[in-house]
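Spelled out from the first residue to the last, the chains are:
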Amino acid sequence: MKTGDSKRKKTKIDSPLSVDVNEDLVKEILLKLPTKSVLSFKGLSKSWFSLISDPEFARRHFDAAVAPTYKLLNIVKDCAVYCADKESALCDDDSWHAVSNISGFHWYVNCISVAGSCRGFVLLQYLLHDFVLWNPLTGVQKEIHQKRGTWTRHHLSGMGYDPVDDDIVLVTIILRIHDGNHMLLRYFSLRNNCWTSVKYDVSYVAPYFGAELRHGQLWNETLYWIVKSADDLRNVMIAFDVREKRLLEITLPHHLANLPNGSDIYHLKVMGEYLYLCLVVRNHPYQLIEIWSVKECKQETVWTKTFDFSFYFRPSLNLIFPVCFTENGEILAFCNNNTLVKIDEKGKLRYGNQNNSRLHFLRCVMYRESFLPLPGDEAEPED
Amino acid sequence: MAERGESSEAVMLKKTEEEKLRKGKMIVGDESKAGYEEEGKKVKLVTSDGVTMEVEISIVKEMEIIQTFIGATDTDDSFIFPISNVSSHILNQIIELVKGEYDQELAKKLSHDELKEILVAANYLNMKTLFHFIATAIANVIQNKSVEFVRDFFGIVNDFTEEEEAELRKTNAWAFEGVDED
């Protein structure tokens, strides 16, 4: 661009002050850009790099985001991680891009599950001991270990955000400890960098769909799980208030708490403003999937049946695991653990074109891209 | 479902904004209305290139830096305000943008230098709506553009070594892919 060069030189001589866009103004422009552009602009110059790496900028960009970017993240066979925009996840394999900035990751992929996500961080769980909190956009990561041996394996886990302390909190729960009458909840505060244990005078039983239900759903600053009552007869919802660090039991209505033989709750999911609960009803020769939703969770909950799907009975279970809503109101979901589908309002399933072998719903999570640092990590290095 | 809720809220916001704009227009047009006699008035602004321009008070009112002075002094025709950082060319552009009710189509006709100068001027004059508008316009220009394009846009010198830049591109390879052509 010859003309561009000469024009710029001329402007500089004529009015050197007029086009000097200072850093504060650049920041205001960057706040209006999506994460992808901002990330690539880290490579502009050292001053842009440090501006974009600034935690204060990260916070403003997160809070002000004109169009927040939600991505679907999936860990595949060779521990490679792929991401896709939720709108195009179903299109083809090209819509998924590799994320390379995770290090020291030599785990068996079958032992990894994604335990949750919030504020741009994804929580990976390895077996039932170790966690890695990771920001796929910035590459910031932290391993969090539980003392082995001292603690029996936990049944439930999850992550949440405490807005008052600006803290990310990891939670693990052992539903029944050795004496049979107590449960043990442990939480890890990223800001304080320590575990806290709380013993409760109640106990529960792990549900039949243990793997599908083990990761808590974060909804309005509270984590939710579905478990069985101590006598193994009723479905119960338990909740951990991440801000108040309080455990609650939420009563499910009779028709969901006491299900007939052959029926069970297998999945819990937050989508949009609602919490959804998935139910499988085996009713020969059909199998029915029902999805119930609730708008707010108080002591008692009122659930509405939102969708139901029926399948002919097959040797392998056809379960549907909703992931999120797409822009046109369809549900993006996993069908049978590893096939991504879209479900329209009438309950019709639409399959994608991609080779789905690398997808698995336990290693897949929806997260919002952010430049946010880990709580407690913003301080100067000497601290 | 949530998405739908959000979008309807956005539509509502847009509507109230439009209403505000329409109201503003009505007041400007309706000079007979009591209490708005001053609407026809003009304020003299002296630009950086020494040009004295008469600007409608409705536009000057968006310039918060001048607004404080208008509020303090009982304005009359002799009121003259120097705006030493803004050229007459840029002030004319600003007036057009305000009169055009901040239409992004108008911003598309501006050169890169004009966009930057208007941004700096909007910041100096403390014109909040204009600043938001022009920052959005610049964001639209540089969104999904190559690093080289944006360096050229802002006149930024690359102070990374070749190795440093290659490393950055490697780590976040996906962010550098699929950018628009310059």
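Residues numbered from 1 in each chain as written. Chains lettered and ligands numbered in written order. Predicted model: local features only at pLDDT ≥ 70, side-chain atom pairs only at ≥ 80, totals over all residues. Heavy atoms only, no water.

- Named according to an unreviewed UniProt entry, chain B is SKP1-like protein originating from Vigna unguiculata.
- Per its UniProt entry, chain B bears the Function (unreviewed entry) comment "Involved in ubiquitination and subsequent proteasomal degradation of target proteins. Together with CUL1, RBX1 and a F-box protein, it forms a SCF E3 ubiquitin ligase complex. The functional specificity of this complex depends on the type of F-box protein. In the SCF complex, it serves as an adapter that links the F-box protein to CUL1."
- The UniProt entry for chain B carries this comment under Sequence similarities (unreviewed entry): "Belongs to the SKP1 family." (UniProt positions renumbered as here; feature names shortened; annotations may be inferred.)

- Under an unreviewed UniProt entry, the name given to chain A is F-box domain-containing protein, and the organism recorded is Vigna unguiculata.

### A few points about the overall build of chain A
Then, in step 1: When its secondary structure is counted, chain A shows seven helices and 24 strands.
Then, in step 2: Within chain A, the fraction of its 383 residues that count as buried is 56%.
Then, in step 3: Sequence-distant contacts in chain A: of pairs separated by 6 or more residues, those separated by 24 or more amount to 50%.
Then, in step 4: Here chain A displays about 17,500 Å² of accessible surface, and carbon together with sulfur accounts for 49% of that area. (Helix = DSSP H or I, 4+ residues; strand = E, 2+ residues; numbered from the N terminus. Buried < 20%, exposed > 50% of the residue type's maximum accessible area, 1.4 Å probe, protein only. Contact = heavy atoms within 4.5 Å. Areas by Shrake-Rupley, 256 points an atom, 1.4 Å probe, with all protein chains shown as cover.)

### Looking at the overall build of chain B
Then, in step 1: A tally of helices and strands in chain B yields ten helices and three strands.
Then, in step 2: Start at the N end of chain B and walk to the C end: the helices and strands fall as α-β-β-α-α-β-α-α-α-α-α-α-α.
Then, in step 3: In chain B, buried positions account for 36% of the 182 residues.
Then, in step 4: Counted over contacts in chain B with a minimum sequence separation of 6, partners at least 24 positions apart contribute 57%.
Then, in step 5: For chain B, the accessible area works out to roughly 10,700 Å², and carbon and sulfur atoms hold 52% of it.

### Here we look at helix α5 (residues 55-64) of chain A
All names here are of chain A.
Then, in step 1: Turning to α5, its buried residues number three or more, namely F57, A58, H61 and F62. The arc enclosing the buried residues of α5, seen along the axis, measures out at 135°, which places them on a common side.
Then, in step 2: Buried positions along α5 lie against α2 (23-30), α3 (35-40), α4 (46-53) and β24 (364-368). (Arc of directions from axis to C-beta.)

### Looking at the sheet that holds strand β1 (residues 70-75) of chain A
All names here are of chain A.
Then, in step 1: Overall, antiparallel pairing links the four strands, which are arranged β3-β2-β1-β24 in an open sheet. In this open sheet, the two edge strands, each paired with only one partner strand, are β3 (96-99) and β24. Geometrically, the sheet is characterised by an average inter-axis angle of 35° between neighbouring strands, direction not taken into account. (Pairing = 2+ DSSP bridges. Axes fitted to C-alpha atoms, helices over the stretch in contact; angles between N-to-C directions.)

### Focus: the packing of helix α4 (residues 88-99) of chain B against helix α6 (residues 112-125) of chain B
Residues and elements named next belong to chain B.
Then, in step 1: Two numbers describe how α4 lies on α6: the axes approach to 10 Å, and their chain directions differ by 80°. One finds that α4 runs roughly perpendicular with respect to α6. In this structure, α4 uses H89, I90, Q93, I94 and L97 to contact α6, whose residues at the interface are E114, E117, I118, A121 and L125.
Then, in step 2: Tallied by class, the residues present in the contact of α4 with α6 amount to six nonpolar, two polar and two charged. (Parallel < 35°, antiparallel > 145°, perpendicular 65-115°, else oblique. Nonpolar A, V, L, I, M, F, W, Y, C, P; charged D, E, K, R; others polar.)

### Topic: the pairing of strand β16 (residues 263-271) of chain A
Residues and elements named next belong to chain A.
Then, in step 1: When you tally the buried positions in β16, you get nine out of nine residues, the bulk of the element.
Then, in step 2: Direction of pairing for β16 relative to strand β17 (residues 274-283): antiparallel, over a ladder of eight bridges. Bridged to I265 within β17 is L279.
Then, in step 3: Connecting β16 to the next strand, β17, in antiparallel fashion are two residues, including G272 with a positive phi near 60°.

### Describing the interface of chain B and chain A
Then, in step 1: Taken together, the contact between chain B and chain A spans 43 residues of the former and 44 residues of the latter.
Then, in step 2: When chain B packs against chain A, close to 3,800 Å² is buried across both sides, 66% of that on carbon and sulfur atoms.
Then, in step 3: Here chain B is connected to chain A by seven residue pairs in polar contact (both at pLDDT 80 or more).
Then, in step 4: Secondary structure elements with two or more residues in the side of chain B that touches chain A: α1 (2-29), α6, α7 (128-142), α8 (147-154), α9 (162-171) and α10 (173-176) of chain B.
Then, in step 5: Among the elements that line the side of chain B that touches chain A, the one with the most residues is α7 of chain B, at seven residues. (Buried area = accessible area lost by both parts, 1.4 Å probe. Polar contact = N/O pair within 3.5 Å; in protein donor to acceptor, adjacent residues only side chain to side chain.)

### With respect to the environment of L125 of chain B
Residues and elements named next belong to chain B.
Then, in step 1: Its place among the elements puts L125 in helix α6.
Then, in step 2: When the C-alpha positions of L125 and M53 are compared, they lie 15 Å apart, and in sequence the two are 72 residues distant.
Then, in step 3: Ignoring anything within four residues of it in the chain, the contact list for L125 reads M63, E64, I65, I83, V86 and I94.

### A short note on the sheet that holds strand β11 (residues 194-200) of chain A
Residue and element names in this part refer to chain A.
Then, in step 1: Here we have four strands laid out as an open sheet, ordered β8-β9-β10-β11, and antiparallel in their pairing. Among the strands making up the open sheet, the edge pair consists of β8 (156-162) and β11. Taking the axes of each pair of neighbouring strands and ignoring which way they run, one obtains an average angle of 20° across the sheet.
Then, in step 2: As judged from the six bridges shared by strand β9 (residues 167-174) and strand β10 (residues 183-189), these two strands associate in the antiparallel manner. Note that in β10 the partner of L170 across the bridge is F188.

### Some remarks on the pattern of salt bridges
Residues and elements named next belong to chain A.
Then, in step 1: Tallying each qualifying case throughout the model produces 21 salt bridges over all chains.
Then, in step 2: Across the salt bridge formed by E330 and R350, the nearest N and O atoms sit 3.3 Å from each other. Of this pair, E330 sits in the loop between β20 (320-325) and β21 (331-335) while R350 sits in strand β23 (residues 349-351), and the two are 20 residues apart along the sequence.
Then, in step 3: By relative accessible area, E330 is classed as buried at 12%.
Then, in step 4: On the accessibility criterion, R350 (43% relative accessible area) is partly exposed.
Then, in step 5: Via salt bridges that share partners, E56, R59, D166 and R191 belong to a single interconnected network. (Salt bridge = Lys/Arg side-chain N within 4 Å of Asp/Glu carboxyl O.)

### Comments concerning the side chain of Q125 of chain A
Then, in step 1: As for its placement among the helices and strands, Q125 of chain A is situated in strand β5 (residues 121-126).
Then, in step 2: Side-chain polar atoms of Q125 of chain A contact the side chain of H154 of chain A, separated by 3.3 Å.

### Quick look at a negative patch on the surface
Then, in step 1: On the surface, D159, E162, E163 and E164 of chain B cluster together to form a negatively charged patch.
Then, in step 2: Looking at the element boundaries, E163 of chain B is found in helix α9. (Patch = residues over 30% accessible without salt bridge, like charges linked within 9 Å, V, L, I, M, F, W, Y side chains within 5 Å. Lys, Arg positive; Asp, Glu negative; His and termini not counted. Charge placed at Lys NZ, Arg CZ, Asp CG, Glu CD.)

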